[in-house]
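Chain residues, written in single-letter form:
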Amino acid sequence: LRLKKLASGEAGVGLTPARIKVKGGGFGGGPQQMPHCATTYAAVLALSIVTGIGLSRSESHPFYEPGKMAYGLLNRKRLQMYAFFLSLREVVGDRTSFRMQHDGEIDVRSIYCILAPCHLLGLLDDGRDCEHYNNPLRDLSISRHIADCQTFEGGFGAEPFNEAHGGYTFCALAALRILGTVSLVDIDTLQSWLARRQMGFEGGFCGRTNKLVDGCYSFWQGGAVAVLDSYLGDEMKSSEISYDEQMLQRYILLCAQDVNGGLRDKPSKPKDFYHSCYNLSGLSVAQHAVKPWPLDALGASGD
């Protein structure tokens, strides 16, 4: 769900640093904690889900009021988050990267964790019709930095000259997809690297070359394949996902699922929230990523 309404009051303004007069601030992992790109990303997505579910119901529905509250919070904080994101920029020549937090590390996670919530909140398009539109978050130097992180194998590392890794590859590719600049990278080698990450025997994905299968990469690698397939599908009018989704689902349900609830990396490993989240996310990608969602899954039934 894209929250376009949040941008309606700002149309034509043009969100440039000189026009932002609010004190910046993202979300921390808990009360009194430092704001961080990853926790801000998680908070915006959680609030967006609550907003989408709540405001799709009637005003008498118990979900409506929480949805309205979440929408109001996003509306109040969106410019503060934008200012926070801009304060994390690191510009070197014609390349722009971002820190995860003030004085924190620089890697491609931060770019995705910034662009995804900004896309949801309409912050990438505000003022686009303005004569002097100049949004720093759409600058081509960001895409150039991401492209520099692609390795000879085809995947992406955290920063230039790092080893290709599934999590960073998803973040890099998803960020390029949001910016509309996927064509800047070597798509053939990327597609080849992703294809080789699905394990022939287990059916699940590994995160790097010569590593073991891990349930969390059901999303990081499977999601990256889905993003690339959606880009290529726009060109070829295809609706097929280019990995063995049946084998992946078998791994998640038969190997990664704990009989007492929750999901895990692999058999013999303990279950945890992280692997439960990304196994289920990967399962959802395998079942729905390039297929239309049923109406009732979007809340259209009003239940």
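Heads up: these notes are all about the structure in this document. (Residues numbered from 1 in each chain as written. Predicted model: local features only at pLDDT ≥ 70, side-chain atom pairs only at ≥ 80, totals over all residues. Heavy atoms only, no water.)

### Some details on the overall build of the protein chain
Thinking step 1. Looking only at helices and strands, one finds 9 helices and 2 strands in the protein chain.
Thinking step 2. The helix and strand sequence of the protein chain, counted from the amino end, reads α-α-β-β-α-α-α-α-α-α-α.
Thinking step 3. When each of the 303 residues of the protein chain is scored for burial, the buried share is 47%.
Thinking step 4. A separation of at least 24 residues holds for 62% of the contacts in the protein chain among residues at least 6 apart in sequence.
Thinking step 5. Working note: accessible area of the protein chain is about 15,400 Å², and carbon and sulfur atoms make up 55% of it. (Helix = DSSP H or I, 4+ residues; strand = E, 2+ residues; numbered from the N terminus. Buried < 20%, exposed > 50% of the residue type's maximum accessible area, 1.4 Å probe, protein only. Contact = heavy atoms within 4.5 Å. Areas by Shrake-Rupley, 256 points an atom, 1.4 Å probe, with all protein chains shown as cover.)

### Considering the packing of aromatic side chains
Thinking step 1. Across all of its chains, the model carries 10 aromatic pairs by this definition.
Thinking step 2. Both rings, one in Phe205 and one in Tyr243, keep their centres 5.3 Å apart while their planes meet at 85 degrees; by these two values the pair is edge-to-face. Taken together, the positions of Phe205 in the loop between helix H6 (187–195) and helix H7 (217–236) and Tyr243 in the loop between H7 and helix H8 (245–256) put the pair 38 residues apart, joining distant regions of the chain. With respect to class, Phe205 is no different from Tyr243; both count as buried.
Thinking step 3. With 4.6 Å between their ring centres and 35 degrees between their planes, Trp220 and Tyr278 make a pair best called tilted. Of this pair, Trp220 sits in helix H7 while Tyr278 sits in helix H9 (residues 273–288), and the two are 58 residues apart along the sequence.
Thinking step 4. Residue class for Tyr278 comes out buried when judged on its relative accessible area of 17%. (Phe/Tyr/Trp six-rings, centres within 6.5 Å; stacked < 30°, edge-to-face > 60°.)

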